[in-house]
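# A closer look at the structure
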Amino acid sequence: GRTPKRQSFAYFHPDNQLHVQLVRLYVRIRDADSIRYTPPLAEMMRIWRFGAPRGYFIGDEFETVVSAGAPLDQTAATPEKLFAMLMAGRIDVAVAEISAYPLVESRIREVRSHVVPLPGIDFAGSPMYIAFRRQGDGPRLAEEFARAYAAWRQSEAYPRLASRYGVEDRLPPGYRALRPAP
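Quick caveat: nothing in here was measured; it's all calculated off a predicted structure. (Residues numbered from 1 in each chain as written. Predicted model: local features only at pLDDT ≥ 70, side-chain atom pairs only at ≥ 80, totals over all residues. Heavy atoms only, no water.)

### Comments concerning the sheet that holds strand β5 (residues 115-129)
- Pairing is mixed across the open sheet formed by four strands, whose spatial order is β3-β4-β2-β5. Lying at the two open borders of the sheet, with one neighbouring strand each, are β3 (50-51) and β5.
- Examined bridge by bridge, strand β2 (residues 17-28) and β5 share nine bridges and lie antiparallel to one another. Considered in β5, the bridge of Val-23 is made with Phe-123. (Pairing = 2+ DSSP bridges. Helix = DSSP H or I, 4+ residues; strand = E, 2+ residues; numbered from the N terminus.)

Below, the structure written as structure tokens:
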């Protein structure tokens, strides 16, 4: 994602947005009836023990409430470790990008029998870009990529791949309505 720190060394061309990250809350199945999303988020984070992977940007809304003092356990180095913490009862709510669940399942086979997404809420994470270095030929390469990427997004392959992998809801603005030709 694009952050002020990353912008100091990387060039983020506006047309090189790959997708929009979506963040979901996950709970243990046995807690699913008692833990419900109830705004405001900061208050919910004071009631339940929340965790997120260390070093992952989980969206502006979470960043805002955490910087204002809401507790968030970020000792898990990976989504797998985060879901293991949740299954072990070390946290009550796991905050992770929606693609983390199927990825974790490939490594922790029993995750679906212990963990479920919290219904009724997904949070917008951050726009994800391919970035290029600010120095040297980075800006030129970013421009070239932007032109090629724009042409590819107008092709029939782009919406077909988005549909195949179920990511239509995460496409960059302006490309969400594209559908493959029948």
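There's plenty left to go through after this.
### A look at the packing of aromatic side chains
- Counting across every chain of the model gives eleven aromatic pairs.
- Between Phe-83 and Tyr-101, the ring centres sit 6.0 Å apart and the planes meet at 35°, which makes this aromatic pair tilted. In this pair, Phe-83 sits in helix α4 (residues 79-88) while Tyr-101 sits in helix α5 (residues 100-105), placing the two residues 18 residues apart along the sequence.
- An aromatic cluster is defined as three or more aromatic residues linked by ring pairs; in this entry it consists of Phe-132, Phe-145, Tyr-149, Trp-152 and Tyr-158. (Phe/Tyr/Trp six-rings, centres within 6.5 Å; stacked < 30°, edge-to-face > 60°.)

### Comments concerning the packing of helix α6 (residues 138-153) against helix α7 (residues 157-164)
- At their nearest, the axes of α6 and α7 sit 7 Å apart, and the two run at 75° to each other. When the interaxial angle is binned, α6 and α7 end up roughly perpendicular. Facing Tyr-149, Trp-152 and Arg-153 of α6, the residues of α7 in contact are Ala-157, Tyr-158 and Leu-161.
- Within the contact of α6 with α7, the residues separate by chemical class into five nonpolar, no polar and one charged. (Axes fitted to C-alpha atoms, helices over the stretch in contact; angles between N-to-C directions. Parallel < 35°, antiparallel > 145°, perpendicular 65-115°, else oblique. Contact = heavy atoms within 4.5 Å. Nonpolar A, V, L, I, M, F, W, Y, C, P; charged D, E, K, R; others polar.)

### Some remarks on unusual backbone geometry
- Note that the residue after Pro-39, namely Pro-40, is joined by a cis bond; omega there is 5°.
- Here Pro-40 is to be found in the loop between β2 and α2 (41-47).

### Focus on the nonpolar core
- In this structure, Leu-25, Phe-50 and Phe-62 are the most contacted members of the largest nonpolar core, which totals 22 residues.
- Considering each element in turn, this core owes the most residues, four residues, to α2.
- Once residues within four sequence positions are removed from consideration, Phe-50 is found in contact with Leu-25, Leu-41, Met-44, Met-45, Phe-62, Pro-71, Leu-72, Asp-73, Ile-91, Val-93 and Val-95.
- Grouped together as the second largest cluster of nonpolar side chains are 17 residues, Leu-22, Ile-91, Ile-98 and Val-111 included. (Core = buried A, V, L, I, M, F, W, Y, C linked by side-chain atoms within 4.5 Å. Buried < 20%, exposed > 50% of the residue type's maximum accessible area, 1.4 Å probe, protein only.)

Read these as layout, nothing more, since geometry by itself doesn't imply function.
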